[in-house]
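Commentary on secondary and tertiary structure
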Amino acid sequence: DALISDAFNTLGIMRQAPVIIFVENSNGKIPFVDININDRITEICDSLSIGAAIQNMLLTATELGYGTLWIANTVYAYQELVQYLGISGQLICAVALGVPDETPDPGPRKSFDEVVEFR
């Protein structure tokens, strides 16, 4: 399975990184339990804000010369990580942070017209 092999690749990166930042939504619940609609809406809104905060953190780290990796593969070891970290909220992701040993070329990007639609 390609997703599992990607998760193992990410684990290798995490093992090399000098710093791993785990991001928690303290208002969120673990994704394996049912919650009422109001709590789900709050959780979604929090997740959007947390995503923006992570992006700002990554941009700032890059500006300071650090390399980062936003890791969503934590879902493959979600329960183990939550237990290990002792968190009671929702684990959103991890961020690997360190001094980069490479500067890869930017990946392909779609044009503005391909991603924006005016109505």
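Quick summary incoming for the structure in this document. Quick caveat: nothing in here was measured; it's all calculated off a predicted structure.

To continue, consider the overall build of the protein chain. Scanning the protein chain from terminus to terminus reveals four helices and three strands. Helices and strands in the protein chain line up, N terminus first, as α-β-α-β-α-β-α. Dimensions of the protein chain, computed from C-alpha atoms along their principal axes, come out at roughly 45 × 45 × 35 Å. Per-residue burial for the protein chain yields a buried fraction of 24% across its 119 residues.

For Thr 74, the position within the fold is in the loop between β2 (67–71) and α3 (78–85). Here Thr 74 is in contact with Leu 81, Leu 91, Ile 92, Cys 93 and Ala 94, once residues within four sequence places are set aside.

Another point: the nonpolar core. Listed in full, the six residues of the largest apolar core are Val 23, Ile 50, Ile 54, Leu 58, Cys 93 and Val 95. When contributions to this core are tallied by element, the ones reaching two or more residues are α2 (37–63) and β3 (90–98). Looking at this core element by element, the count peaks at three residues for α2. Excluding anything up to four places from it in sequence, Leu 58 contacts Thr 68, Trp 70 and Val 95.

What follows concerns the state of the cysteines. For the coordinates displayed, the defined rule picks out zero disulfides. Note on Cys 45: no disulfide assigned, nearest cysteine sulfur contributed by Cys 93 at a separation of 18 Å. With relative accessibility at 1%, the residue Cys 93 sits in the buried group.

Let's shift gears to the environment of Glu 117. Of note, Glu 117 is situated in the segment after α4 (112–115). Given the relative accessible area of 55%, Glu 117 is considered exposed. Residues Glu 117 and Thr 60, spaced 57 residues apart in sequence, show a C-alpha to C-alpha distance of 30 Å. A distance of 2.6 Å separates the side chain of Glu 117 from the side chain of Arg 119, its partner in a polar contact.

Ordered by their spatial adjacency, three strands build an open sheet running β1-β3-β2, and the pairing between neighbours is antiparallel. Looking at which strands have only one partner, the edges of the open sheet turn out to be β1 (19–25) and β2. When strand polarity is set aside, the average angle formed by the axes of neighbouring strands in this sheet is 20 degrees. Pairing of β1 with β3 involves seven bridges; the strand directions are antiparallel. Bridging across to β3, Phe 22 finds its partner in Ala 94. Contacting β1, β2 and β3, α2 crosses the sheet at an angle of about 5 degrees to β3. Of the strands in this sheet, β1 and β3 are in contact with α3, which crosses β3 at around 80 degrees.

Calculation criteria
Residues numbered from 1 in each chain as written. Predicted model: local features only at pLDDT ≥ 70, side-chain atom pairs only at ≥ 80, totals over all residues. Heavy atoms only, no water. Helix = DSSP H or I, 4+ residues; strand = E, 2+ residues; numbered from the N terminus. Buried < 20%, exposed > 50% of the residue type's maximum accessible area, 1.4 Å probe, protein only. Contact = heavy atoms within 4.5 Å. Core = buried A, V, L, I, M, F, W, Y, C linked by side-chain atoms within 4.5 Å. Disulfide = S-S within 2.5 Å. Polar contact = N/O pair within 3.5 Å; in protein donor to acceptor, adjacent residues only side chain to side chain. Pairing = 2+ DSSP bridges. Axes fitted to C-alpha atoms, helices over the stretch in contact; angles between N-to-C directions.

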